[in-house]
Each structure stands twice: as C-alpha cells, then as structure tokens.
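Coordinates in review
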Amino acid sequence: MSGETDGEGDPVLDRLIHRWMRHLRVERSLSRNTLDNYARDLGRYREWLRAQDLSVTAVGTGDLERFVVDLRTGQGLAQRSAARIITTVRGVHRFGAAEGILDGDVAADVPVPRQPASLPKALSVDDVTALIEACPVGPAAGPLELRDRALVEMLYSTGARVSEVLGLDIDDIDRDERDGGAMAVSYTHLTLPSTPYV
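All values reported here derive from a predicted model rather than from experimental measurement.

Rules and cut-offs
- Per chain, the residues get numbers from 1 upward, laid out in the order the sequence is written.
- Local features in this predicted model are restricted to residues whose pLDDT is 70 or higher, and side-chain atom pairs enter the listing and the counts only when it is 80 or higher, whereas totals over whole chains, interfaces and linings include all residues.
- The side-chain quantities take in all heavy atoms of the structure and omit both hydrogens and water.
- Strands here are runs of E lasting at least two residues and helices are runs of H or I lasting at least four, both read from the DSSP assignment and numbered beginning at the N terminus.
- Here the term buried applies to any residue with accessible area under 20% of the maximum for its type, exposed to any over 50%, and partly exposed to those in between, with areas from a 1.4 Å probe on protein chains only.
- Any two residues having at least one pair of non-hydrogen atoms within 4.5 Å are treated as being in contact.
- Exposure was quantified through the Shrake-Rupley algorithm and a 1.4 Å probe, taking into account, for residues, occlusion by the shown protein chains and nothing else.
- Angular values range over 0 to 180 degrees, each being the angle between N-to-C directions of two axes fitted as lines to C-alpha atoms, with helices fitted over their stretch in contact.
- Note that the term roughly parallel is reserved for angles under 35 degrees, roughly antiparallel for angles over 145, roughly perpendicular for angles of 65 to 115, and oblique for everything else.
- Each residue gets one label: Ala, Val, Leu, Ile, Met, Phe, Trp, Tyr, Cys and Pro are nonpolar, Asp, Glu, Lys and Arg are charged, and the others, such as Gly, are polar.
- Per-residue confidence from the predictor is given as pLDDT, running between 0 and 100.
- For this analysis, a ring pair means two rings from Phe, Tyr or Trp (six-membered ring only for Trp) whose centres lie within 6.5 Å, classed as stacked if their planes differ by under 30 degrees, edge-to-face if by over 60, and tilted for the remaining angles.

Some words on the overall build of the chain
- For the chain, the count of helices and strands is 7 helices and 3 strands.
- Ordering the α and β elements of the chain from the N terminus gives α-α-α-α-α-α-α-β-β-β.
- Counting all 198 residues of the chain, 30% fall into the buried class.
- Taking the intrachain contacts of the chain between residues at least 6 apart in sequence as the baseline, contacts between residues at least 24 apart amount to 48%.
- For the chain, the computed accessible surface area is about 12,600 Å², with 52% contributed by carbon and sulfur atoms.

Right, here's the structure in full:
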C-alpha cells in the first residue's frame, strides 16, 4: 500500500518535526518546557503512525480522527491531554503544508476534543480567613501590606474579578457615602461597601 512506512521510521515526518521544533524555538521563542511537551506529544503521534504502518504523507483526516479516539480509549488519556496532543498534531500539519513539506493540511478539519466546562472551586471559610489573616494590618504594616490586605478583602467581600479590582481608581472611592461605618467603592454603577482597610 502506498504511504506505508518501511518499519524504519518516516524520514518526511522526522524532517517536518525537526523544522517545526526549530521554528518554535528560534522564531517563536517558546520555553524549554513547552518545546518538551510538543516533542512528547509528537513522539506519541510518531509511534501511533508507526503502529498503523502509515507515513505522514499518506495520513488522512479519517486516520487522525481514529488517532483521537485511540488517545482517549486505547491510551486512556484525559480529555485535556488528548486535546493538547491533537492541537500539537494540527500545528505540525499546518506548518508542514505552509512550508510545502506536505501536500495539504489534512488535520485542519479534525476537531479538538472539547474541554468540559468547570466551575472554579470555592475556598472554605477557614481558607479565606487564613488568606485574609496572612496580610498584616496595624501599626507594623507598611503601605504594601495594607494594599495587599485591601485587595484581598475587596476581592472576597465583593466577588469582583481580579481585573475589576485592579482597574479601580482612587476616584472610585466615595468617602462621603458610608454604609455601616465603612466607605463605599463605586465600580461599574455598583456601590459596594468596603472595610476600613480598603
């Protein structure tokens, strides 16, 4: 069958991987850990192609879809790991097509396994208390410690996102509007009570 390997490996795939990794290292300046992850992912792909007796020039979209299924069922990988490997394989095929090493990008239509939506885990009351208490207050606390305490309390008491709290400006503080003895902080048309540290 055309496209079969000779059992000794796939020189086109080896050349493609070498050039892509060099591109990622030199032109995109990716970290050593990221490059190691890509190399590991491509090692799985190379072994799968060898086991299927396929060369990278003969692999088709259907073959890659079978690879996805094998990652999840045959190799028992978590959905997140399988998605990362498929993203890597799609990247190397896209690069190969763009560089003229491969005739086309057969991986473009292979869907990446969807990541299950997960809600962030809430901290326990004890964890929140420990977090707040880790920020010193009082006469011994300097400006940075007081700032940190204010940020932590603001995040916890309002449920605001970090980006929202960091986007607050001094003009957002309404020193005249007090609720329970604490100043109010207005942000995006909401008036939120704050603690004395905030």
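That covers the picture; the talk isn't over yet.
Overview of unusual backbone geometry
- Even without glycine at this site, S29 takes up a positive phi of about 50°.
- For S29, a relative accessible area of 57% gives the class exposed.
- Positive phi values are uncommon outside glycine, yet D53 reaches one of about 60°.
- Looking at where D53 falls in the secondary structure, it is placed in the loop between α2 (32-52) and α3 (61-74).

As for the packing of helix α5 (residues 125-133) against helix α6 (residues 143-158)
- Running from N to C, α5 and α6 point in directions that differ by 155°, and their axes come no closer than 9 Å. Here α5 is positioned roughly antiparallel relative to α6, judged by the angle of their axes. Contact residues: α5 offers V128, L131, I132 and E133, while α6 offers R149, V152, E153 and Y156.
- Partitioning the contact of α5 with α6 into residue classes produces 5 nonpolar, no polar and 3 charged.

A look at the environment of R15
- Turning to its location among the elements, R15 is positioned in helix α1 (residues 11-27).
- Remark: the alpha-carbon pair of R15 and I101, spanning 86 residues in sequence, is separated by 8.7 Å.

A look at the confidence of the model for the chain
- In this model, the chain carries a mean pLDDT of 81, and residues with pLDDT of at least 70 account for 81%.
- Ranking the helices and strands of the chain by mean pLDDT puts α1 first, with 95, and strand β2 (residues 182-187) last, with 50.
- Counting contacts from residues 1-7, a segment whose pLDDT is below 50, to residues more than four positions away or on other chains yields 12 contacts.
- This model gives residues 180-184 a pLDDT under 50, and the stretch forms 19 contacts once residues within four places in sequence are excluded.

Observations regarding the packing of aromatic side chains
- If you walk through the whole model with that rule in mind, you get 3 aromatic pairs.
- Measuring from centroid to centroid gives 5.2 Å for W20 and Y38, while their planes differ by 55°, and the two rings are tilted. Of the two residues, W20 sits in helix α1 while Y38 sits in helix α2, which places them 18 residues apart along the sequence.
- Using a relative accessible area of 21% as the deciding quantity, one classes Y38 as partly exposed.
- Between Y45 and F67 the ring centres are 5.3 Å apart and the planes differ by 50°, which places this aromatic pair in the tilted class. Of the two residues, Y45 sits in helix α2 while F67 sits in helix α3, which places them 22 residues apart along the sequence. Both residues of the pair, Y45 and F67, belong to the buried class.

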